[in-house]
Amino acid sequence: MRFSVGVGMKLHPFSIPYRSLERWFVLSAGGVPLGFFIGLHGFAIVALVVLLLVALFAWEVAYYRRFVYDLAPPVFKIKSGVISRREREIPLRRIQNVDINRNLVQRFLGLAVVRLETAGGEISEAHLRFVAFPHAKALQREIRHLKQEGEHPGEVPQPQRSGEVLFELEPIELLVLCLASFDARILGLIAFALPFVAPGVPWEWIPPAPMGALIVAIVAVLIVLASWVTGAFVTYITYHGFRLSRHGEDLQIERGLLSRYDGSVPIDKIQTLTLQDNPLKRVLGYATLKIETAGYSPQQAASEGVQSAVPLARLDRVMRLVGTLDDIEPITLEQAPRRARTRYMIRYALAVLALVGALLVVDLAYGIPEATGVTWYHPAPLALLAPLAGHVRWKHLGYAMQENHVITRSGYWSRHTKIVPYYRIQNAITTETILQRRWDLANLTADTAGSLSLHARSASALDIDAQTAQTVRETIHDRLQAALSSEEVKDLLAGEIGRSVLDEMDETTSSPGGDAHTDP
Amino acid sequence: METLNPRIRSVWILKSTVFAAILGIIVAVLVDAFLPLQGGVLGGVVFAFLFLALGTYQVFRYRAWGFEIREDCVYLERGVFTRVKTLMPFVRIQHVDTRRSPLDRVFGLASVVVYTAGSRGADAMIPGLLPDRATGLRETLKGLAVEGRAKGDAV
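Quick look at the structure, then. Just so you know, these numbers come straight off a predicted model, no measurement behind them. (Residues numbered from 1 in each chain as written. Chains lettered and ligands numbered in written order. Predicted model: local features only at pLDDT ≥ 70, side-chain atom pairs only at ≥ 80, totals over all residues. Heavy atoms only, no water.)

1. Regarding the overall build of chain A
Consideration 1: Scanning chain A for helices and strands turns up 16 helices and 19 strands.
Consideration 2: Put simply, chain A has 520 residues, and 44% of those count as buried.
Consideration 3: As displayed, chain A has an accessible area near 27000 Å², and 65% of this comes from carbon and sulfur atoms. (Helix = DSSP H or I, 4+ residues; strand = E, 2+ residues; numbered from the N terminus. Buried < 20%, exposed > 50% of the residue type's maximum accessible area, 1.4 Å probe, protein only. Areas by Shrake-Rupley, 256 points an atom, 1.4 Å probe, with all protein chains shown as cover.)

2. Let's talk about the packing of aromatic side chains
All names here are of chain A.
Consideration 1: Counted under the stated rule, the structure contains twelve aromatic pairs over all chains.
Consideration 2: With a centroid separation of 4.8 Å and 75° between ring planes, the pair formed by Tyr-412 and Trp-413 is classed as edge-to-face.
Consideration 3: What makes Tyr-412 partly exposed here is its relative accessible area of 29%.
Consideration 4: An aromatic cluster of three or more residues is present, and its members are Tyr-63, Phe-67, Tyr-69 and Phe-76. (Phe/Tyr/Trp six-rings, centres within 6.5 Å; stacked < 30°, edge-to-face > 60°.)

3. Thoughts on the pairing of strand β12 (residues 286–293) of chain A
Residues and elements named next belong to chain A.
Consideration 1: Taking burial as the measure, the eight residues of β12 include seven buried ones, the bulk of the element.
Consideration 2: As paired strands, strand β11 (residues 270–277) and β12 are joined by six bridges and run antiparallel to one another. Note on β12: the bridge partner recorded for Gln-276 is Thr-288.
Consideration 3: With four bridges connecting them, β12 and strand β13 (residues 309–314) associate as antiparallel partners. Looking across to β13, one finds that Tyr-286 is bridged to Arg-314. (Pairing = 2+ DSSP bridges.)

4. Section: the pairing of strand β17 (residues 425–432) of chain A
All names here are of chain A.
Consideration 1: For β17, the tally of buried residues reaches eight of eight residues, placing the bulk of the element in the interior.
Consideration 2: Where β17 meets strand β18 (residues 441–448), six bridges bridge the pair, whose relative direction is antiparallel. When the sheet's bridge partners are listed, Ala-428 is paired in β18 with Ala-446.

5. Let's talk about the sheet that holds strand β1 (residues 68–72) of chain A
Residues and elements named next belong to chain A.
Consideration 1: As summarised here, the arrangement of the three strands in space is β1-β2-β3, forming an open sheet in which the pairing is antiparallel. Each end of this open sheet is capped by a strand with a single partner; those strands are β1 and β3 (86–91). Averaged over all pairs of adjacent strands, the angle between strand axes in this sheet comes to 10°, irrespective of strand direction.
Consideration 2: Relative to strand β2 (residues 75–80), β1 runs antiparallel, the two being bridged by five bridges. Each residue of the ladder has a partner; that of Leu-71, found in β2, is Phe-76. (Axes fitted to C-alpha atoms, helices over the stretch in contact; angles between N-to-C directions.)

6. Some points on the nonpolar core
Buried together is how nonpolar side chains tend to be arranged in soluble globular proteins.
All names here are of chain A.
Consideration 1: In terms of nonpolar packing, the biggest core is built from 32 residues, with Phe-167, Phe-242, Leu-244, Leu-251, Leu-273, Leu-289 and Val-310 touching the most fellow members.
Consideration 2: For this core, the elements supplying multiple residues, two or more each, are α5 (171–179), α7 (209–239), β9 (250–255), β10 (260–266), β11, β12, β13 and α10 (315–325).
Consideration 3: Residues from two domains meet in this core; each of domain 2 (171–239) and domain 3 (266–334 + 397–494) gives at least three.
Consideration 4: Discounting residues that sit within four places of it in the chain, Phe-242 has contacts with Phe-167, Glu-168, Leu-169, Ile-253, Glu-254, Arg-255, Ala-309, Val-310 and Pro-311. (Core = buried A, V, L, I, M, F, W, Y, C linked by side-chain atoms within 4.5 Å. Domains from an automatic or database assignment. Contact = heavy atoms within 4.5 Å.)

7. Considerations on a positive patch on the surface
Consideration 1: A cluster of basic residues, A:Lys10, A:Arg65, A:Arg66 and A:Arg85, forms a positive patch on the protein surface.
Consideration 2: Assignment of secondary structure puts A:Arg66 in helix α2 (residues 42–66). (Patch = residues over 30% accessible without salt bridge, like charges linked within 9 Å, V, L, I, M, F, W, Y side chains within 5 Å. Salt bridge = Lys/Arg side-chain N within 4 Å of Asp/Glu carboxyl O. Lys, Arg positive; Asp, Glu negative; His and termini not counted. Charge placed at Lys NZ, Arg CZ, Asp CG, Glu CD.)

8. Some details on the environment of B:Phe19
Residues and elements named next belong to chain B.
Consideration 1: Here Phe-19 shows up in helix α1 (residues 7–34).
Consideration 2: With a relative accessible area of 43%, Phe-19 lands in the partly exposed category.
Consideration 3: Taking the C-alpha atoms as reference points, Phe-19 and Phe-51, separated by 32 residues in sequence, lie 8.6 Å from one another.

9. Let's talk about the sheet that holds β12(A)
Residue and element names in this part refer to chain A.
Consideration 1: Spatially, β13-β12-β11-β16-β15-β14 is the arrangement adopted by the six strands of the open sheet, whose pairing is antiparallel. Whereas interior strands pair on both sides, the edge strands pair on one side only; in this sheet they are β13 and β14 (398–401). Across this sheet, the average inter-strand angle for adjacent strands is 15°, counted without regard to direction.
Consideration 2: As judged from the four bridges shared by β14 and strand β15 (residues 405–410), these two strands associate in the antiparallel manner. What sits directly across from Tyr-399, in β15, is Thr-408.
Consideration 3: Those strands touched by α5 are β12 and β13, and its axis lies near 110° from that of β13.

10. Comments concerning the environment of A:Ala386
Residues and elements named next belong to chain A.
Consideration 1: Looking at where Ala-386 falls in the secondary structure, it is placed in helix α12 (residues 386–395).
Consideration 2: In the structure, Ala-386 is positioned 42 residues away from Tyr-344 in sequence and 8.1 Å away in space, judged by C-alpha atoms.
Consideration 3: In this structure, Ala-386 is in contact with Met-345, Tyr-348 and Ala-349, ignoring residues within four places of it in sequence.

11. Some words on α12(A)
All names here are of chain A.
Consideration 1: Ala-386, Gly-390 and Trp-394 are the residues of α12 that are buried. Mapping the buried residues of α12 onto a view down its axis gives an arc of 65°, with all of them on the same face.
Consideration 2: Contacts from the buried residues of α12 go to α11 (338–365). (Arc of directions from axis to C-beta.)

12. A word on unusual backbone geometry
Residue and element names in this part refer to chain A.
Consideration 1: Phe-130 follows Arg-129 through a cis peptide bond whose omega is 0°.
Consideration 2: Phi angles above zero are rare outside glycine, and Asp-463 is one such case at about 50°.
Consideration 3: Positionally, Asp-463 belongs in strand β19 (residues 459–465).

13. What about the pattern of salt bridges?
It is possible for side chains bearing opposite charge to pair when their charged atoms get close.
Residues and elements named next belong to chain A.
Consideration 1: In the structure shown here, the tally under the stated rule is 23 salt bridges over all chains.
Consideration 2: In this structure, Asp-250 engages Arg-144 in a salt bridge whose closest nitrogen and oxygen atoms are separated by 3.2 Å. Note that Asp-250 is positioned in strand β9 and Arg-144 in helix α4 (residues 133–151), a separation of 106 residues in sequence. A single burial state applies to Asp-250 and to Arg-144, both of which are buried.
Consideration 3: Each of Glu-170, Glu-173, Arg-314, Asp-316, Arg-317 and Arg-320 takes part in one network of salt bridges that share partners.

14. As for the side chain of A:Asp250
Residue and element names in this part refer to chain A.
Consideration 1: Here Asp-250 falls in the buried class, since its relative accessible area comes to 4%.
Consideration 2: A polar side-chain atom of Asp-250 sits 3.2 Å from a polar atom in the side chain of Arg-144.
Consideration 3: Filtering out sequence-adjacent residues up to four positions away, Asp-250 remains in contact with Arg-144, Gln-148, Ser-245, Ser-264, Val-265, Pro-266 and Ile-267. (Polar contact = N/O pair within 3.5 Å; in protein donor to acceptor, adjacent residues only side chain to side chain.)

In structure tokens, the structure reads:
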């Protein structure tokens, strides 16, 4: 193989000019206007900019020369650092995701960014900028192979270049997805630019009332249209060519028209599968599937979006995909008790009452101006909607205890159906607020080590009978224990048993005095 | 069900008292400075109210707390307004800390913190234990976690 992976690997030589130019552009873009601002001579600025480029280039050469990485089973080793040196070893077994990203320029140059993720940690554990794309693919394949061999020695066939395709985004699905996308960044940009642009607008040219209003309306429509078109365009180039395939024990996701993303997720590290839909998607029969692993930190998940997700597909196709990932039974959910519905109806009616009350207080204290056309009792008819809202909220709540999974559902506007295998559950928690206790209701949470949990809701069965919640909590725990001692799961987790984990336990707990642990 | 050492209740009430006192003093000073009212009286009222409310809360908080080391998990129960009951399987325990804050040391108490990889894992702090009990608990949990690991991994 031309791009062999092994010991003493270097970054691609193109990294030097790419990295130095990249930083040079950023620094110059800020520095040059600053130079003019403080009154530097033009020649001085040119000289400084050239000097900066030379310095950055020299730095990047040093960085390149220092940066060495080895794929030396059982670890991935990186030696780096110009001034302060760093050597890092990542156990291959611990690597969760291997992501390859390429933007348009990088694709043209044949470069790729490789990132390795393990569970936990604030940032990527390894960030290779840049390596040749075929080399990146070879690295991804080799890491996968070595990991699987470490877990089942002698059983794993040589890695193949192409896996079994599980899912491809159909053109019609991509079209629907694009049409449903809306990029709010344009609105943000306008809000940001308005104070600077507003004084320059020839306001006196704008005719009075009816015509003026029309112009404002047209501008508003144009802005919304632009946001929509941008959203559709961004979505199109992001999800074009979306493909999810299976290579042995890994899922591979590829997508993107201009920038290509190519990530791998180990199937046995999947924590939760989440089906997400909204009223429109439900009517049209579409859904989104999110695949949660413990690899990404919440910060990354927030800034980069969920990489491992099927953005939109027909429900039957999503369900078939879920079926191939995991052996779930058809989903039939237990409804929350009827008194939960009564509680929601009362809650929503009380919310309307609170609004009316607040308006009344404002009216009595300050007097609501006539011009607004609002009287304090105006929102009152909203209370008529409370029974409907309560019913809808209740209707979309549910949970199920299947043989191998617990499933929970909640939400109307954005409905989440979460599928959690018992053997992935970390804690089983019941909570009863003071108000729930009056109704003898409780929430049950099956907490996993998912990385998105700070943003997304964890799998919770809301407002179920308090007694049932206690029973279910114990049942979940029992099934977790049963699942962990079952042969199948033992096999699944085989790579992590005994050796490493026990060693780590000894290491972390044998520190003298026991008080040596610092806060995380 | 094991309860916490009653001394932790005193620690909590002491903390509440200090908090109420600080707030009372702030109110007194601000009112004296900016309003034509008796700052001292108002501050005293604020202090008395907070002291009673928070003190009562701490008594109930103490009563609500309980934990149990079961056959294969730790069971925790706590919360006055929102009652929370957690089952933490030993298999999932990442590591266990014992902690002693300065106030803990004055009262001869310690806490045990149990970490799991769950998103709410760090919640599991058992306060108000005698130091020996805390160390013992840490050792027990460590042992059980290692034993549990033979069954599966932590993530």
